[in-house]
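# Chains, contacts and geometry: an overview
What follows is each chain in one-letter form.
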Amino acid sequence: MDKMTLEPHYADDCVFCKILTGDIPSYTVYEDNIVKAFLDISQGTPGHTLVIPKTHVKDIFAYDADLAAAVFSRIPKIARAVKAADPRIVGMNILNNNGAVAYQSVFHSHIHLVPRYTDQDDFKMIFKDNAANYTPDDYTAIQTKISAQLEG
């Protein structure tokens, strides 16, 4: 997989494509023929890094199996490097937002590596517990719908 070469495709109106072509500068921490990893300009926490495919793909729904394998197989290596760069890092959120409703603001797929220093480092995620709103029949209905999409 490491020898895989993607046919680059860039979108003219994409800020990440402009980073890939060098039209917009970035603070690159890692780059190979598949991905580019660079510091997120917002720095949610120090070391906040984005990993993007080196071809324009809107979101996870547009990936094929080969692209997913190539991109996601690089995440652990880059995450370990970010963590090793600062001994104060004790954890990391790895996020991929897909669609505006899921907080995707740049529509070129990207994975956020957000280093965590403490539980007070001003980065929050909330997973509401809605279990009281579901019966076993509700879970089964959802399970059946999703499973049916994976068959075949």
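The protein chain carries the name Protein hit in an unreviewed UniProt entry, which gives Levilactobacillus brevis as its organism.

A surface patch of nonpolar side chains, about 530 Å² in accessible area, is lined by Y134, Y139, I142, I146 and L150. Note on placement: I142 falls in helix α4 (residues 136-150).

For the structure on display, the rule yields three aromatic pairs. The interplanar angle of 75° and the centroid separation of 5.6 Å between the aromatic rings of F16 and F38 together place this pair among those described as edge-to-face. With F16 in helix α1 (residues 15-20) and F38 in strand β2 (residues 35-39), this pair connects stretches of sequence that are 22 residues apart. Across the pair, exposure class does not vary: F16 and F38 are buried alike.

With that out of the way, let us pick up the pattern of salt bridges. Note that side chains of opposite charge can pair when their charged atoms are close. For the structure shown, the criterion picks out five salt bridges. We note a salt bridge from E31 to K54, for which the minimum N-O separation is 2.8 Å. With a gap of 23 residues between them, E31 in strand β1 (residues 28-31) and K54 in the loop between β3 (49-53) and α2 (65-72) connect regions that are remote in the sequence. Accessibility expressed as a relative area gives 40% for E31, which makes it partly exposed. For K54, a relative accessible area of 18% puts it in the buried group. With a closest N to O distance of 2.7 Å, R88 and D86 form a salt bridge. In this structure D86 comes out as buried when scored by relative accessible area, which is 14%.

On to the side chain of D32. In this fold, D32 is placed in the loop between β1 and β2. At a separation of 2.7 Å, a polar atom in the side chain of D32 contacts the side chain of Y30. One polar contact links D32 to R74, side chain to side chain, over a distance of 2.6 Å. Apart from residues lying up to four places away in sequence, D32 is in contact with K54 and R74.

Our next topic: the pairing of β3. Most of β3 is tucked away, with five of its five residues classed as buried. Residues T49, V51 and P53 point to one face of β3 and L50 and I52 to the other, with burial holding for every one of them. In this sheet, β3 lies alongside β2 in antiparallel orientation, the contact comprising five bridges. Among the inter-strand pairings, L39 is bridged to a residue of β3, identified as T49.

The rules behind each value
Numbering of residues starts from 1 in every chain and runs along the sequence as written. Per-residue local features of the predicted model are confined to residues with pLDDT of at least 70, and side-chain atom pairs are confined, for both listing and counting, to 80 or more; whole-chain, interface and lining totals are unaffected and use all residues. Side-chain metrics rest on all non-hydrogen atoms present in the structure, leaving aside hydrogens and water. Excluding any residue in a salt bridge, patches collect residues exceeding 30% relative accessible area, merging like charges within 9 Å and nonpolar Val, Leu, Ile, Met, Phe, Trp and Tyr side chains within 5 Å. Method for areas: the Shrake-Rupley scheme with a 1.4 Å probe, in which residue coverage is limited to the protein chains shown. For this analysis, a salt bridge means a side-chain nitrogen from Lys or Arg found within 4 Å of a carboxyl oxygen belonging to Asp or Glu. Put simply, DSSP H or I for four residues or longer makes a helix, DSSP E for two residues or longer makes a strand, and each gets a number counted from the N terminus. Think of it this way: a Phe, Tyr or Trp ring, Trp meaning its six-membered ring, pairs with another when their centres are within 6.5 Å, and the plane angle makes it stacked under 30 degrees, edge-to-face over 60, tilted otherwise. Relative accessible area decides the class of each residue, using a 1.4 Å probe on protein chains only: under 20% of the type maximum gives buried, over 50% gives exposed, and in between gives partly exposed. Pairing of N or O atoms within 3.5 Å defines a polar contact, subject to two protein rules: one partner must be a possible hydrogen donor and the other a possible acceptor, and residues neighboring in sequence count only if both atoms are side-chain atoms. Residue contacts are defined here by distance: any two heavy atoms, one from each residue, within 4.5 Å place the two residues in contact. For two strands to count as paired, DSSP must find a minimum of two bridges between them.

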